[in-house]
Amino acid sequence: MTADWWRSAVIYQIYPKSFADANGDGIGDVAGIRTRLAYLADLGVDAVWVSPWYRSPDRDGGYDVEDFRQIDPRFGDVADVEALIRDAHKLGLRVIADIVPNHVSDQHPWIRAALATAPGSAEWSLFHAVAGRGHGGAEPPNDWLSVFGGSAWDPILNAAGQPTGFWYLHLFDATQPDLNWEHAAVRAEFEDILRFWFDRGLDGFRIDVATSLIKAPGYPDEHRAAGVEAGLSLEVVEGQPQWNRPGVHEIWRAWRRVADQYDPPRVFVGEVWADSPAGLAAYLRPDELHTVFNFDYMMCPWDADRLRAVVDASLSTAGLVGAPATWVLESHDKPRVRTRFALDAAGMDINDRSGPGDDVRGALRGRAATLFMLGLPGSAYLYQGQELGLREVWELPASVRQDPAFARTLGADGLRDGCRVPIPWTDEDPGCGFGPAGMSWLPMPSDWGAMSVARQDRSPVGVLALVRRALRLRRAEPALREGPMVWVAQEDRGVLVLRRDGGGAGDILVAMNCGEHPAHIAGGEILVASAAGIHAPDGGVLLPPDTAVWLRA
Ligand code: GLC
Ligand code: CA
């Protein structure tokens, strides 16, 4: 494995609560991940990224960290993580963890210490404690909204529970106070946390909300457009005084210096929502983050022209600064790709929970989209269960939902639990082999076992077989590993065909039909197809709608 493995890696995202439960309490854990590393190595991914596993009161799925140097007891301890890293490395897998620098949990010792003092104290200077407006500071300091809905400010109360006239900033839940990154102690603390984990062999970090650490001086109003009621998503709050401030880049340059002191150098992938290609490329400069997530690709609808445009823009943006493009279709924050396309195909809204949409089309498109993505040049992400073609569990009752934004927006948003239902490993009832006791922290739907690893292991036509085959080819074929791509013009605009250059080893075509009619594609042997029954009779393939294929050129 080379030092720039991350340029073409396939990285598998683990949401630890929902991956595998070794001790039977219904919550996934580090020991559970260890038991499934062989599965991941066999699947053919290059690395895992594990969502936060630190000590946390779990008000936001662990993105509310109480202690960055401890593993939450529900998940295990630091020794378990060290063992996991060792096991993973033996299998040729890298391990990336999540780090959450924008905010801490309200149980973090720093904020507890601050709350025991009055605003203006040294303890409060690590946060954003700001005088309110109006008589006695009764109003929030400005109009900023929480990404999870409602004001981004909550009042700081004194020991007697009375308002102090000061407010603390939380761009996310009220239990996630934002840190003040202008303070040298905050910077030093995080560089130390990086070293703590890099010293234990960790290969890199996924940086949570990498755009928001620096706030505009004086906390100016953002003057939201009328009608925008809440910062319901990161997309809505683009280009505002909390996001993408120039000063944030200094922080990533300092982090890069830390990562580069290691052998092999450690790597970063940033959660970056930028407002322009140049804004995004700034994060990818050679002395900043190695890669960032490609949310434009993740959000792109089933539309050949738009997909083509997003692929081109992604490659040229990253190419501006010599960084690889990345590709992603699913995460712990977004609906499963199968259901996103199923709802779209049925003309339903993405937040509609009244039914599965057109699941037959959604399932086909989801498989095709995953195969097409894995054929693009650069690094790709798979979210746990994507390799099984899992659907969004849209029907979760409100009573079991835990996403803090669900409560903050009275159910209008905060639907992230539907992609966090635990993984079905077997088709046994109850619990689908997630843990030994049949328990799971979110209920599994009745069709879960049918999509399980055990069931698909025996099937040559399941999504699992498709992903395994694609990942094997990706490793074996120079064209797919490092070959640049060009589009192959098609008469039918609804069809995407790209050619990966394999040099002497031969070129490969990656094709997907987003149109309504079967399309003839000129090419050779079929290497892998997203659906059964696709044949290449004589020098070409008749590609049905909603399918994708890899062919020898
Ligand atoms: C990121 C995470 C999300 C979390 C938020 C606040 O967007 O992906 O899960 O809720 O940051 O930390
Ligand atoms: Ca457990």
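Calculation criteria
- Here the residue index of a chain counts from 1 through its sequence in written order.
- Just so you know, chain letters begin at A and ligand numbers begin at 1, following the order they were written in.
- Residue-level local features of this predicted model are given only where pLDDT is at least 70; pairs of side-chain atoms are given and counted only at 80 or more, and the full residue set underlies all totals for whole chains, interfaces and linings.
- The side-chain figures draw on all heavy atoms in the structure; neither hydrogens nor water molecules are used.
- Note that water is not among the atoms considered, so a metal site may appear incomplete; the donors listed are N, O and S atoms within 2.8 Å of the metal, with 3.2 Å applied to Na, K and Ca.
- Exposure categories follow from relative accessible area, calculated using a 1.4 Å probe and restricted to protein chains: below 20% of the type maximum is buried, above 50% is exposed, and the middle band is partly exposed.
- In this text, helices come from DSSP runs of H or I with a minimum length of four residues, and strands from runs of E with a minimum of two, each type numbered from the N-terminal end.
- The criterion used for residue contact is that any of the two residues' heavy atoms lie within 4.5 Å.
- The nearness test applies per residue and asks whether one of its heavy atoms lies within 4 Å of the molecule or strand.
- Contacts described as polar in this section are N or O atom pairs within 3.5 Å, which, within protein, must combine one atom able to donate a hydrogen with one able to accept it, while residues neighboring in sequence count only if both atoms come from side chains.
- Following the grouping adopted for this structure description, the nonpolar residues are Ala, Val, Leu, Ile, Met, Phe, Trp, Tyr, Cys and Pro, the charged ones are Asp, Glu, Lys and Arg, and the polar ones are all others, Gly among them.
- For two strands to be treated as a pair, DSSP must find no fewer than two bridges joining them.
- Axes here refer to lines fitted to C-alpha atoms; in helices the fit is confined to the stretch in contact. Angles between the N-to-C directions go from 0 to 180 degrees.
- Reported domain spans reflect what an automatic or database domain assignment gives.
- Expected span of a helix: the number of residues minus one, times 1.5 Å.
- Note on aromatic pairs: the rings of Phe, Tyr and Trp (six-membered ring only in Trp) are paired at centre separations within 6.5 Å, and the planes decide the class, stacked below 30 degrees, edge-to-face beyond 60, tilted for the rest.
- Joining through side-chain atoms within 4.5 Å is the link that ties buried Ala, Val, Leu, Ile, Met, Phe, Trp, Tyr and Cys residues into a set, and such a set is a nonpolar core.

## Some details on the coordination of the calcium ion (ligand 2)
Stage number 1. Looking at the calcium ion (ligand 2), the protein donor atoms are Asp21 (OD), Asn23 (OD1), Asp25 (OD), Ile27 (O) and Asp29 (OD), and they sit 2.2 to 2.3 Å from it.
Stage number 2. Donor residues binding the calcium ion (ligand 2) come from one chain and are separated in sequence as D-x1-N-x1-D-x1-I-x1-D.
Stage number 3. For isoleucine 27, a relative accessible area of 17% puts it in the buried group.
Stage number 4. Judged by relative accessible area, which is 4%, aspartate 29 ranks as buried.

## Some words on helix 10 (residues 337-345)
Because an α-helix completes one turn every 3.6 residues, residues spaced three or four positions apart along the sequence face the same direction.
Stage number 1. Across the nine residues of helix 10, seven count as buried, placing the element largely inside the fold.
Stage number 2. Along helix 10, the positions that sit buried rather than exposed are Val337, Arg338, Thr339, Arg340, Phe341, Ala342 and Leu343.
Stage number 3. Looking at the buried positions of helix 10, the neighbouring elements they touch are helix 8 (295-299) and helix 11 (359-374).

## Let's talk about the site of ligand 1
Stage number 1. The environment of ligand 1 is formed by 13 residues, the closest being Asp60, Asp208, Glu271, His332 and Asp333.
Stage number 2. Here an oxygen atom of ligand 1 sits 2.9 Å away from a polar atom, N or O, in the side chain of histidine 103.
Stage number 3. In the model, an oxygen atom of ligand 1 is placed 2.8 Å from a nitrogen or oxygen of the glutamate 271 side chain.
Stage number 4. Among the residues making up the shell around ligand 1, the classes are represented as four nonpolar, two polar and seven charged.

## Quick word on the sheet that holds strand 18 (residues 526-529)
Stage number 1. As summarised here, the arrangement of the five strands in space is 14-15-16-20-18, forming an open sheet in which the pairing is antiparallel. The strands lining the two open edges of the sheet, one partner per strand, are strand 14 (485-487) and strand 18. Direction aside, neighbouring strands of the sheet carry axes that sit 20° apart on average.
Stage number 2. The pairing of strand 14 with strand 15 (residues 495-500) spans three bridges and is classified as antiparallel.

## Topic: the domain arrangement of the protein
Stage number 1. For the protein, the assigned domains read domain 1 (109-169) and domain 2 (482-552).
Stage number 2. The centre of domain 1, based on its C-alpha atoms, is set 57 Å off from the matching centre of domain 2.

## Overview of helix 6 (residues 248-260)
Stage number 1. Along its 13 residues, helix 6 runs 19 Å from first to last C-alpha, staying within 8% of the 18 Å computed at 1.5 Å per residue.
Stage number 2. For helix 6, every residue scored as buried is listed here: Val248, His249, Ile251, Trp252, Ala254, Trp255, Arg256, Val258 and Ala259.
Stage number 3. In this structure, the buried residues of helix 6 make contact with strand 5 (94-99), helix 5 (184-198), strand 9 (204-207), strand 10 (267-270) and helix 7 (277-283).

## Details of the packing of aromatic side chains
Stage number 1. As enumerated under the stated definition, the model contains 27 aromatic pairs in all.
Stage number 2. Aromatic pair tryptophan 181 and tryptophan 255: ring centres 6.3 Å apart, planes at 55°, arrangement tilted. Of this pair, tryptophan 181 sits in the loop between strand 8 (163-169) and helix 5 while tryptophan 255 sits in helix 6; the two residues are 74 residues apart in sequence, bridging distant segments of the chain. Per residue, the accessibility class of tryptophan 181 equals that of tryptophan 255, and both read buried.
Stage number 3. Judged by centre distance (5.0 Å) and plane angle (80°), the ring pair of phenylalanine 196 and tryptophan 197 falls under edge-to-face. Residue phenylalanine 196 shares its accessibility class with tryptophan 197, and that shared class is buried.
Stage number 4. Three or more aromatic residues joined by ring pairs form one cluster here, namely Tyr54, Phe68, Trp181, Phe190, Phe196, Trp197, Phe198, Phe205, Trp252, Trp255, Tyr262 and Phe268.

## Quick word on the side chain of serine 18
Stage number 1. Along the chain, serine 18 turns up in the loop between strand 1 (10-14) and helix 1 (30-35).
Stage number 2. The buried category is assigned to serine 18, whose relative accessible area is 0%.
Stage number 3. Non-local contacts of serine 18, meaning those with residues more than four positions away in its chain, are made with Gly28, Gln384, Arg420, Val421, Pro422, Ile423, Phe434 and Trp441.

## Remarks on the nonpolar core
Stage number 1. Ranked by internal contacts, the top residues of the largest apolar core, which has 145 residues, are Leu40, Trp53 and Trp550.
Stage number 2. The residues that make up this core include at least three from each of domain 1 (109-169) and domain 2 (482-552).
Stage number 3. Trp144, Val147, Val209 and Trp243 belong to the second largest nonpolar core, which has 13 residues in total.

## Considering the environment of glutamine 107
Stage number 1. Following the sequence through the fold, glutamine 107 ends up in the loop between strand 5 and helix 4 (109-115).
Stage number 2. In this structure glutamine 107 comes out as partly exposed when scored by relative accessible area, which is 29%.
Stage number 3. In this structure, the C-alpha to C-alpha distance between glutamine 107 and alanine 88, residues 19 residues apart in sequence, is 32 Å.
Stage number 4. In this view, glutamine 107 contacts Pro57, Glu66 and Arg112; residues no more than four positions away in its chain are not counted.
Stage number 5. A distance of 2.8 Å separates polar atoms of two side chains, one belonging to glutamine 107 and the other to arginine 112.

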